[in-house]
Amino acid sequence: MNIEFKKFCEFQRGLMVALLKDAYSFETGYEREWLKEWIEDDNFFYDNLDIADKCGFITVLNNNPIGFICWDPRNIPDFVEIGHNCIASMYKGKKIGKIQLQEAISRICRSIYAEKIIVTTDERLVAAQKNYESVGFRLIKKRPNKINPEYAGMLIDYEMPL
């Protein structure tokens, strides 16, 4: 398996949206609820490649972009928040998501001083929960989901002290 981590600037605008659509294709509600935000996020990153290339990367397998992860450092030194973290559907369950997450944690630790890394996921995204827990995140709390509880369940907040 030839996994590489590349900068956003090496890819065309729209890749984030395409990967998110694919990663969440198992439940149409995600795209219905989040597509506008996904497009805004993609546009922000591609309009600000200096930020994108410092706060995220594209995961590439055999020269094919299959996922990405990004983080928000605006709350340093208190915390860094992981934002989008996705792997294309056909590559899920192959430990690539864990490798991607470990690389992001490593980059955050090398380049940023923060007390912890935080992330929020959905109650029904069990694979995401297992992924975060497998690299050392601990569950902090579950809270009501006001956007899409009918298919996503509650929100689950995780943190990893640094």
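Predicted, not measured: the structure shown is a model, and the values here were computed from it.

Moving on to helix H1 (residues 15-23). All of the buried residues in H1 are Leu15, Met16, Val17, Leu19, Leu20 and Ala23. Looking at the buried positions of H1, the neighbouring elements they touch are helix H2 (28-47), strand E2 (56-61), strand E3 (64-72) and strand E4 (79-87).

Now for the environment of Arg107. As for its position among the elements, Arg107 is in helix H4 (residues 96-111). Between the C-alpha atom of Arg107 and that of Gly56, which follows or precedes it by 51 residues, the distance is 9.0 Å. With near-sequence residues (within four places) excluded, Arg107 lies in contact with Phe5, Gly56, Phe57 and Trp71.

This brings us to the side chain of Glu159. Mapped onto the secondary structure, Glu159 falls in strand E7 (residues 155-161). Not counting the four nearest positions on each side in its chain, Glu159 is found in contact with Lys116, Ile117, Ile118, Gly136, Phe137, Arg138 and Ile140.

Counting across every chain of the model gives zero disulfides. The thiol sulfur of Cys55 is not disulfide-bonded, and the nearest other cysteine sulfur, from Cys70, lies at 8.6 Å. No disulfide involves Cys86; its sulfur sits 8.8 Å from the nearest other cysteine sulfur, which is in Cys70. Overall, the relative accessible area of 3% leaves Cys86 in the buried class.

Spatial ordering of the open sheet is given by E1-E2-E3-E4-E5-E7-E6, a layout of seven strands whose pairing is mixed. Looking at which strands have only one partner, the edges of the open sheet turn out to be strand E1 (3-6) and strand E6 (138-143). The average undirected angle you get between the axes of adjacent strands in this sheet is 25°. Pairing geometry for E6 and E7, over five bridges, is antiparallel. Residue pairing across strands places Arg143 opposite Leu155, the latter belonging to E7. Each of E2, E3 and E4 touches H1; the most contacted strand, E3, lies at about 100° to it. Sitting on the sheet, helix H5 (residues 126-134) is in contact with E4, strand E5 (116-122) and E7, with an inclination near 165° to E5.

Parameters at a glance
- Residues numbered from 1 in each chain as written.
- Predicted model: local features only at pLDDT ≥ 70, side-chain atom pairs only at ≥ 80, totals over all residues.
- Heavy atoms only, no water.
- Buried < 20%, exposed > 50% of the residue type's maximum accessible area, 1.4 Å probe, protein only.
- Helix = DSSP H or I, 4+ residues; strand = E, 2+ residues; numbered from the N terminus.
- Contact = heavy atoms within 4.5 Å.
- Disulfide = S-S within 2.5 Å.
- Pairing = 2+ DSSP bridges.
- Axes fitted to C-alpha atoms, helices over the stretch in contact; angles between N-to-C directions.

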